[in-house]
Amino acid sequence: MVTFNGVTNPAGNYTFTGVLAGTYSYSVTASGFQNLTVSNFQVSQNSTVQAQMTPVPPPTYTVTFNVRSNTGTAITNAVVTFNGVTNPAGNYTFTGVLAGTYSYSVSASGYNNLTNETLTITGNRTVNTVMSIKTTYSISFSVLSIIDNSIIQNAVVKVGAVLNSAGNYYFENFAPGTYSYTVTSNGYQSFNGVITIDNKDTQLTIKLTPQVQQKVSIVLESDPPGFAFVSGAGTYTVSDQVTISATPADDDFLFTGWMENNRIVSRQNELDFIASNNRQMVAKFEYSPREFEISATVSESDAGAISGTGFYLKGNLVLLEYHGSSDFKFKGWVNPSGQIVSRQNPFEFEVIRDLKLVAMVEKLHNSDDMRIAVHPNPSNGMLRITNARNIETELLVYNSQGYVAQMRRIPAMGNSLDLRELPPGMYLLQFTYGDETVVRKVLIK
């Protein structure tokens, strides 16, 4: 309410009219606020006054706890927590408490705790609390690594007959007495001990020692030595996964198995197992040389034959030779890529892989292709030779593999040639007279 110049308006009515110019006093009162009084207020015109009022602070109270046992003995070392505020042990007084309802708890060694008790404050108050003497107690463990004092989270603790789940290190309701306990954790040595409960809760710190990691050795060899690459040998911890493998350094060696203690333990050249003990294993190989095919053809038909083709073992020497007439000129040996690998004839080389060559020849334009005739062709093997030059010639008969099947001397005036003892097939007849050579192809049915 506002009182102006001795006139008090009803509550909530803050307007005064008909006020003459002059000096006045006024006062303002409101529940929950301090009274406001102003003197020497000058009025010379219509005015709006801002009246600022100060709230009255709520009253505060003192709460004191009187802590005793159920036998009436004062407990001087209890810890009291009131409205979330915990005083030091033995300090039972809380000041500046507003009116209201609060919770509190009281704990003391050797007594059962009081928790979640409620209290309504309307003025200063002394709270009498009675704590019962404890007849059972708790045991809590801290489990650490002895190496770096780091906390071990998943240990299993057993006290007496009580076994907690992994990571639960708190036990309660133990009567005074002596109990054995065991602490175990994966990767650590077990810890055994004895604890005595003597009318108080007990805390124990246990430090576990890591288990010694057993090591095993895996030794690998190859037989015969030096002809294979083996991998996976070394030192492993027991229960480690081990992978070993053996690869021949030469294609002529074939893996036959892993041997241990003079017996085959696996035919797989890559083997997985779990390390459990020392092992000495031998990768067995056997020599199995490969055969490679050496083949060759002549670039021109009826231009001659080639000897030396066939199947050879790796490392063998091959002598390829082109046999042609003077009608053709040898140019060189060409591989399937068109590259000349040699211009020598005969051509000797070491076998390292399959090889297919072509004897490149060039026909000479001034040759007399009709100097020697062979007929009939095809035939049953009985042939007639006509020599237009009337000179004696030497004859070599090559089969389709390039091998000499017969060797003859043909008279100057021609002669019959009996090849009926040869099996049916295609043959090359190479006639040589002086420095000249003529080749004819015949088919024997």
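None of the values given here were measured: they were computed from a predicted structure.

Rules used throughout
- Residues numbered from 1 in each chain as written.
- Predicted model: local features only at pLDDT ≥ 70, side-chain atom pairs only at ≥ 80, totals over all residues.
- Heavy atoms only, no water.
- Helix = DSSP H or I, 4+ residues; strand = E, 2+ residues; numbered from the N terminus.
- Rg over C-alpha atoms; globule rule 2.2 N^0.38 Å.
- Buried < 20%, exposed > 50% of the residue type's maximum accessible area, 1.4 Å probe, protein only.
- Areas by Shrake-Rupley, 256 points an atom, 1.4 Å probe, with all protein chains shown as cover.
- Lys, Arg positive; Asp, Glu negative; His and termini not counted.
- Charge placed at Lys NZ, Arg CZ, Asp CG, Glu CD.
- Contact = heavy atoms within 4.5 Å.
- Pairing = 2+ DSSP bridges.
- Phe/Tyr/Trp six-rings, centres within 6.5 Å; stacked < 30°, edge-to-face > 60°.

Visitor: Where do I start with the overall build of the chain in this structure?
Guide: A tally of regular secondary structure across the chain gives zero helices and 41 strands. The C-alpha radius of gyration computed for the chain amounts to 59 Å, which surpasses the reference 22 Å derived for 445 residues by more than 25%, pointing to a less compact arrangement than a globule. Dimensions of the chain, computed from C-alpha atoms along their principal axes, come out at roughly 175 × 85 × 35 Å. Expressed as a percentage of the 445 residues in the chain, the buried residues total 34%. Split by element, the accessible area of the chain, about 26300 Å² in all, is 48% carbon and sulfur. Averaging the positions of the 28 positive and the 33 negative side-chain charges in the chain gives two centres separated by 5 Å.

Visitor: Would you mind showing me how to read the environment of Val2 here?
Guide: With respect to the helices and strands, Val2 occurs in strand β1 (residues 2–4). The exposure class of Val2 is buried, given its relative accessible area of 12%. Expressed as a C-alpha distance, the spacing of Val2 and Pro378, which sit 376 residues apart in the sequence, is 149 Å. Non-local contacts of Val2, meaning those with residues more than four positions away in its chain, are made with Val7, Thr8, Asn9, Tyr14, Phe16, Ser27 and Val28.

Visitor: Teacher, can you tell me more about the sheet that holds strand β4 (residues 36–43) here?
Guide: Pairing is antiparallel in the open sheet, where four strands are placed in the order β2-β1-β3-β4. With partners counted over all chains shown, the strands left at the sheet margins are β2 (7–8) and β4, one partner each. Taken together, the two bridges between β1 and β2 define a ladder with antiparallel strand orientation. Pairing of Thr3 across the sheet is with Thr8, part of β2.

Visitor: Looking at this model, I keep getting lost on the packing of aromatic side chains. Mind explaining?
Guide: Each aromatic ring pair is characterised by the separation of its centres together with the angle its planes make. The full count for this structure, using the stated rule, is 21 aromatic pairs. Judged by centre distance (5.9 Å) and plane angle (20°), the ring pair of Tyr322 and Phe330 falls under stacked. Grouping residues by exposure puts Tyr322 and Phe330 together as buried. Note on Phe347 and Phe349: the rings are 4.8 Å apart at their centroids and 35° apart in plane angle, and the pair reads as tilted. There is no split in this pair, since Phe347 and Phe349 are both buried. Taken together, Phe141, Phe171, Phe174, Tyr179, Tyr181 and Phe191 form an aromatic cluster joined through their ring pairs.

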